[in-house]
Amino acid sequence: MLAEERTMQITAISMPTWGLTMEEGTLLEWLVPEGTRVELGTEIAEIETTKVTNVLEAQEPGVLRRHVIRPGETRGCGALIGVLAEEDVPDSAVEEFIARFAEKPANEAPSKGPEPRQIDLPDGRRIRYLQVGDGGTPALLIHGFGGDLDAWQAIQSGLAVNRAVYALDLPGHGESTKDVQAGDLAALAETINQAMDTLGLERAHLVGHSLGGGAVMQLALARRNRVASLNLIAPVALGDDIDPVFLREFLAATKTRDLQRCLGRLFANPSIVGRGFADQVSRNKRLDGAEAALSKIVAACFPEGRQRAVLLSELTTWITDNPTVPVCAIWGEEDAILSPAPLSTLPASVVRLFLPNVGHMPQLEAAKEVGALLSAQMGGVA
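Draft legend 1. Here's a closer look at the overall build of the protein. When helices and strands are tallied, the protein shows twelve helices and 16 strands. Taken over C-alpha atoms, the radius of gyration comes to 22 Å for the protein, in line with the 21 Å a tight globule of 382 residues would show. Along the three orthogonal principal directions, the C-alpha set of the protein runs to about 70 × 45 × 40 Å. Counting the 382 residues in the protein, one finds 53% classified as buried. The long-range share in the protein, meaning contacts at least 24 apart out of those at least 6 apart in sequence, stands at 67%. Computing the positive centroid from 34 side-chain charges and the negative centroid from 50, the protein places the two 5 Å apart.

Spelled out as structure tokens, the structure:
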């Protein structure tokens, strides 16, 4: 009985699963030495994934008794990397726990989540999407320029607790059609509208980041009946300023290291951009027709390094005319791509989240805070 009680006081620290596509992670650094007491939420380790580098937090209080793996080592999601236990648990019990964990067969690794699928739009173009969850009023996640549906990997499953959540690849991006038509926000919005029809989504919580934010904004203005809530993350179309250097360097980058440096501009801490992230974006750019499609979007939406569509006035009127539709705006204080200044000009009814030490990718840099707000925005809407 005593051994069993002591075992119950030992807690495994496992390689986390951050997002649907994460299969393994590399420990970059332990942030807490062995023998240190940690509390719930204490940052204990820095983990690199194929997308970004993130910090692992303690899920409960205790003493960090063992670093099971060393910096530079890679483990699959769910693998033991550390152990928490109180001081009165003997070392022998901790070692026994580690040994038992190591004996688990490899086929006990977490199963893969849902896989992306494709739909054919009425006009013959093909769109890739990923659905997680089922039921409820669905949510639709639309990424920014140069991204793909993996931009939502850190929050999509969390939003799908009581609803279906769809993430799309916009035209010209990821594995969707490279026919962007006019390439402007109106064309992107109409593509989203067609995708909703094809997926059977009459109405959805619309979540858009950057270019995707402008697209869902445009869709909301044109088709009010499709909007359960409107959630904008560092969106375009609220002003005419945008960093032209990022757009120019992104289109010009042909080598992974150049693209990795360019993508670093999206984050408050550029070092969190993993090479795997840059490799994936580079592969997407090399797909047949992708370069021309992205160039067409830039020419249509950001001519001469400025934003063509400024929808602030129309959005303000729309919000006033639709007081029952929840609207939120999320921005990072360190956004180097789009100024967060428009936050102060939005109607008072808009829920705002202004995040310190966060750049242009809040859904990756501050996934916990962004996910919590989006869940709250969607939770009160049937």
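From this point, the narrative continues.
Draft legend 2. A look at the packing of helix α6 (residues 244–252) against helix α9 (residues 290–301). Remark: α6 packs on α9, axes separated minimally by 10 Å, with the N-to-C direction vectors making an angle of 165 degrees. Here α9 runs roughly antiparallel to α6, going by the angle between their axes. The interaxial crossing formed by α6 with α9 has left-handed handedness. Where α6 abuts α9, its residues L247, F250 and L251 lie against E291, L294, S295 and V298.

Draft legend 3. Molecular detail of the pairing of strand β9 (residues 117–120). One ladder, built from four bridges, connects β9 with strand β10 (residues 126–132); its direction is antiparallel. Within the sheet, the bridge partner assigned to I119 lies in β10 and is I127. Where β9 folds back on β10, the antiparallel hairpin that results is connected by five residues, among which G124 adopts a positive phi of roughly 95 degrees.

Draft legend 4. Spotlight on helix α10 (residues 312–321). Looking only at α10, the buried set comprises L315, W318 and I319. Mapping the buried residues of α10 onto a view down its axis gives an arc of 100 degrees, with all of them on the same face. For α10, exposure combined with an orientation more than 90 degrees from the buried face picks out S313, T320 and D321. Along its buried surface, α10 packs onto α5 (211–222), β14 (227–233) and β15 (327–332).

Draft legend 5. Broad picture of the pattern of salt bridges. Using the criterion set out here, one finds 21 salt bridges in the structure. Measuring nitrogen to oxygen at the nearest pair gives 3.0 Å for the salt bridge that ties R306 to D240. With R306 in the loop between α9 and α10 and D240 in the loop between β14 and α6, this residue pair connects regions lying 66 residues apart in the sequence. Among the ionic contacts, a cluster of salt bridges with common partners joins R65, R66, D91 and E95.

Draft legend 6. Inspection of the sheet that holds strand β1 (residues 11–14) at higher detail. With antiparallel pairing, four strands are arranged side by side in an open sheet as β1-β8-β6-β3. Two strands lie at the open edges of the sheet, namely β1 and β3 (36–38), each paired on one side alone. The mean inter-strand angle of the sheet, taken between neighbouring strand axes irrespective of direction, is 40 degrees.

Draft legend 7. Representation of α5. Taking 1.5 Å of rise per residue, twelve residues should cover 16 Å, and α5 covers 17 Å from first to last C-alpha, within 8% of that figure. Among the twelve residues in α5, ten count as buried, and that is most of the element. Taken together, the buried positions of α5 are L211, G212, G213, G214, A215, V216, M217, Q218, L219 and A220. Against the buried residues of α5 lie β11 (139–142), α4 (185–199), β13 (204–209), β14, α9 and α10.

The rules we used
- Residues numbered from 1 in each chain as written.
- Predicted model: local features only at pLDDT ≥ 70, side-chain atom pairs only at ≥ 80, totals over all residues.
- Heavy atoms only, no water.
- Helix = DSSP H or I, 4+ residues; strand = E, 2+ residues; numbered from the N terminus.
- Rg over C-alpha atoms; globule rule 2.2 N^0.38 Å.
- Buried < 20%, exposed > 50% of the residue type's maximum accessible area, 1.4 Å probe, protein only.
- Contact = heavy atoms within 4.5 Å.
- Lys, Arg positive; Asp, Glu negative; His and termini not counted.
- Charge placed at Lys NZ, Arg CZ, Asp CG, Glu CD.
- Axes fitted to C-alpha atoms, helices over the stretch in contact; angles between N-to-C directions.
- Parallel < 35°, antiparallel > 145°, perpendicular 65-115°, else oblique.
- Left-handed = near helix turned anticlockwise from the far one by under 90°.
- Pairing = 2+ DSSP bridges.
- Arc of directions from axis to C-beta.
- Salt bridge = Lys/Arg side-chain N within 4 Å of Asp/Glu carboxyl O.
- Expected span 1.5 Å × (residues − 1).

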